[in-house]
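Notes for the structure review
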Amino acid sequence: MLAALVPMVFAIAATAAPRKIIFDTDPGTDDAMALMLALNSPELDVRAITVVPGNVTAQQGLENALRMVSLANRCDIPVAAGAQHPLFQKLITAEFWHGRNGLANIELPPSKCKADGRYGPDLIIEMGHAAPHEITLVPVGPLTNIALAVEKDPFIVPLVKEVILMGGSISGGNVNAAAEANIYNDPEAAQIVFQAGWPLTMVGLDVGDKTLLEKKHIEQLAQAHGPISDFIYKVATFLIDLSAQFNSPGTPMYDPLAVGVAIDATLVKAPAMHVDVETRGEFTRGETVANRHGYIERNVLHGDHYVIEGVDKVEPNAKVCVEVDAERFLELFVSRIRGR
Ligand SMILES: [Ca+2]
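Not measured: the values here are computed from a predicted model.

Quick look at the overall build of the protein now. Scanning the protein from terminus to terminus reveals 13 helices and 15 strands. In terms of overall dimensions, the protein is globule-like: its C-alpha atoms have a radius of gyration of 20 Å, near the 20 Å expected for 340 residues. Reported as C-alpha extents along the three principal axes, the dimensions of the protein are approximately 75 × 55 × 50 Å. Sorting the 340 residues of the protein into buried and exposed places 53% on the buried side. Within the protein, contacts between residues at least 6 apart in sequence are counted, and of these 81% link residues at least 24 apart. When the accessible area of the protein is evaluated, it comes to approximately 15500 Å², of which 57% is carbon and sulfur surface. The protein carries 27 positive and 41 negative side-chain charges, and their two centres are separated by 6 Å.

Another aspect to go through is the sheet that holds strand β1 (residues 19-25). The mixed open sheet is built from 9 strands, whose spatial order is β3-β2-β1-β4-β5-β6-β14-β10-β11. On the outer flanks of this sheet lie β3 (79-81) and β11 (288-291), each paired with one strand and no other. Adjacent strand axes in the sheet meet at a mean angle of 30° when their direction is disregarded. Note that β1 and strand β4 (residues 135-139) share 5 bridges and pair parallel. Paired with K20 across the bridge in β4 is I135. Along the sheet, helix α12 (residues 254-263) contacts β1, β2 (44-51), β4, β5 (160-166) and β6 (200-203); its crossing angle with β5, the most-contacted strand, is approximately 150°.

Below, the discussion takes up the pairing of β5. Most of β5 sits out of view: 6 of its 7 residues are buried. Where β4 meets β5, 3 bridges bridge the pair, whose relative direction is parallel. Counted as the bridge partner of T136 is E162 from β5. Between the parallel elements β4 and β5, the chain passes through helix α6 (residues 144-152) in a crossover that is right-handed.

This next bit is on helix α8 (residues 187-195). Looking at α8, one finds that the buried residues are P187, E188, A189, A190, V193 and F194. Positioned one or two residues after α8, G197 has a phi angle of 105°, which is positive.

In total, this model carries 17 salt bridges according to the counting rule given. Of the charged contacts, one joins D264 and R328 as a salt bridge, the two residues approaching to 3.0 Å between their closest N and O atoms. Here the residue D264 occupies a position in the loop between α12 and β9 (268-269), and R328 occupies one in helix α13 (residues 326-338), the gap between them amounting to 64 residues. Assessed through its relative accessible area of 22%, D264 is described here as partly exposed.

Right, let's talk about the coordination of the calcium ion for a bit. Ideal donor angles around a metal are set by the shape: a four-donor tetrahedron calls for 109.5 degrees, a six-donor octahedron for 90 or 180 degrees. Here the calcium ion is held by the protein donor atoms D26 (OD), D31 (OD), D31 (OD), V140 (O) and D255 (OD), which lie 2.2 to 2.6 Å from it. Donor residues binding the calcium ion come from one chain and are separated in sequence as D-x4-D-x108-V-x114-D. Of this pair, V140 sits in the loop between β4 and α6 while D255 sits in helix α12, and the two are 115 residues apart along the sequence. For D255, a relative accessible area of 2% puts it in the buried group.

What follows covers the packing of helix α2 (residues 29-39) against helix α11 (residues 227-245). One can describe the packing of α2 onto α11 by two numbers: an axis separation of 10 Å at closest approach and a directional angle of 150°. Here α2 runs over α11; the crossing is left-handed. The segment α2 lies against α11, with T29, A32, M33 and M36 engaging I228, F231, I232, V235, A236, F238 and L239.

A few words on the side chain of S169. On the secondary structure map, S169 appears in the loop between β5 and α7 (181-184). From its side chain, S169 meets the backbone oxygen of G172 in a polar contact 2.5 Å long. Excluding its chain neighbours within four sequence positions, the residues that come into contact with S169 are M202, L205, D206 and T288.

Attention now moves to the confidence of the model for the protein. Detailed reading of the predicted coordinates is not advisable wherever pLDDT is low. In this model, the protein carries an average pLDDT of 95, and 95% of its residues clear a pLDDT of 70 or more. Of all the helices and strands in the protein, helix α1 (residues 2-15) carries the lowest mean pLDDT, 52, while β4 carries the highest, 99.

Right, let's get into a nonpolar patch on the surface. The grouping of F96, W97 and F246 at the surface amounts to a nonpolar patch, some 380 Å² of accessible area in total. With respect to the element layout, F96 can be found in helix α4 (residues 95-98).

Enumeration over the complete set of coordinates arrives at 1 disulfide. There is a disulfide in this structure between C75 and C113, and the S-S distance comes to 2.1 Å. Between C75 and C113 the sulfur-sulfur dihedral comes to about -80°; the bridge is accordingly left-handed. Pair noted here: C75 is in the loop between α3 (58-71) and β3 and C113 is in the loop between α4 and α5 (120-130), with a separation of 38 residues, a long-range link.

The next point concerns the packing of α6 against α8. Look at α6 against α8: their axes get within 8 Å of each other, and the N-to-C directions meet at 55°. Relative to α8, α6 is oriented oblique. The two elements α6 and α8 cross, and the hand of that crossing is left-handed. Contacts between α6 and α8 involve T144, I146, A147, V150 and E151 from the former and A189, I192 and V193 from the latter. Here the contact of α6 with α8 is built from residues that sort into 6 nonpolar, 1 polar and 1 charged.

Conventions adopted
Residues numbered from 1 in each chain as written. Predicted model: local features only at pLDDT ≥ 70, side-chain atom pairs only at ≥ 80, totals over all residues. Heavy atoms only, no water. Helix = DSSP H or I, 4+ residues; strand = E, 2+ residues; numbered from the N terminus. Rg over C-alpha atoms; globule rule 2.2 N^0.38 Å. Buried < 20%, exposed > 50% of the residue type's maximum accessible area, 1.4 Å probe, protein only. Contact = heavy atoms within 4.5 Å. Areas by Shrake-Rupley, 256 points an atom, 1.4 Å probe, with all protein chains shown as cover. Lys, Arg positive; Asp, Glu negative; His and termini not counted. Charge placed at Lys NZ, Arg CZ, Asp CG, Glu CD. Pairing = 2+ DSSP bridges. Axes fitted to C-alpha atoms, helices over the stretch in contact; angles between N-to-C directions. Right-handed = clockwise from strand over helix to strand, strands pointing away. Salt bridge = Lys/Arg side-chain N within 4 Å of Asp/Glu carboxyl O. Donors = N, O, S within 2.8 Å, 3.2 Å for Na, K, Ca; no water. Left-handed = near helix turned anticlockwise from the far one by under 90°. Polar contact = N/O pair within 3.5 Å; in protein donor to acceptor, adjacent residues only side chain to side chain. pLDDT = per-residue confidence, 0-100. Patch = residues over 30% accessible without salt bridge, like charges linked within 9 Å, V, L, I, M, F, W, Y side chains within 5 Å. Disulfide = S-S within 2.5 Å. Parallel < 35°, antiparallel > 145°, perpendicular 65-115°, else oblique. Nonpolar A, V, L, I, M, F, W, Y, C, P; charged D, E, K, R; others polar.

Right, here's the structure in full:
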């Protein structure tokens with residue numbers, strides 16, 4: 001019975017229209033791997049790339065994005081600059097982790113592609129209206145551009161099919177004990193995006209940490225010569241060597257996993273939760289605070305103290321990835337980068 005179903009399932013998958021995505025990025029080494037995974041995957045149709053400051057400055061990020069689309073021979077994809085800084089705080093760049101140019105110190109050839117003249121958040125708004133309920137946003141940097149789009153045109157929210165973002169964690173941070181870097185770099189923007197009211201999937205730090213790309217995975221890339229596989233082999237080698245300095249056998253595939261979930265949601269288990277972003281905590285600014293139970297206690301003042309009189313339901317606003325089929329994802333990644 002199952003055997004009979006398998007060809008049918010493949011036939012459906014093969015004929016499904018590719019998912020239209022806008023890739024919002026702060027490139028970034030794992031952004032580079034995520035972008036190339038998206039460009040090499042027939043399930044996705046990358047309609048635009050919007051650049052946000054994060055791992056590198058806005059200017060360096062735009063240059064990196066343009067060089068990468070040029071390398072992939074995809075000047076047809078609009079690449080737009082967006083925000084120049086987070087909403088309410090100073091930018092924190094991460095050359096320490098990503099190399100001085102954000103791309104593992106790899107000097108790609110100058111881009112043949114030109115930047116799109118439109119402002120990134122405006123491009124998101126424009127494309128959302130032009131293709132209602134068809135665009136999936138895949139932000140893999142701080143959420144500044146997405147928040148600016150929502151603030152400028154809240155009508156965009158019901159027009160977006162869904163948001164699949166890399167950011168946050170429900171079990172501790174990487175910046176510090178509490179916060180993950182994308183959220184920490186613009187907590188107010190993240191809170192706007194999480195509370196906007198659209199279908200949202202959070203692909204966080206803790207689930208990304210379960211997807212370690214190791215030397216054994218990229219050996220296959222060493223044999224598949226092409227501009228993309230050669231570039232990603234070098235990026236991955238840089239990251240794996242960096243991870244080794246921190247006693248990890250491989251490099252976590254944070255941003256690529258968000259693209260992986262856009263390709264195939266069955267790669268992860270993602271229960272619904274209500275997530276808020278802490279914007280004021282002394283130790284916890286930028287933490288994604290997830291309610292796993294779906295309720296909060298209702299405390300009512302009785303004289304000089306409160307009494308719990310029951311619980312109030314809280315509506316989930318996110319699907320939070322908690323488990324991942326890591327080997328299946330890593331195999332998908334390598335095979336796509338190899339171009340097969
Ligand atoms: Ca990123």
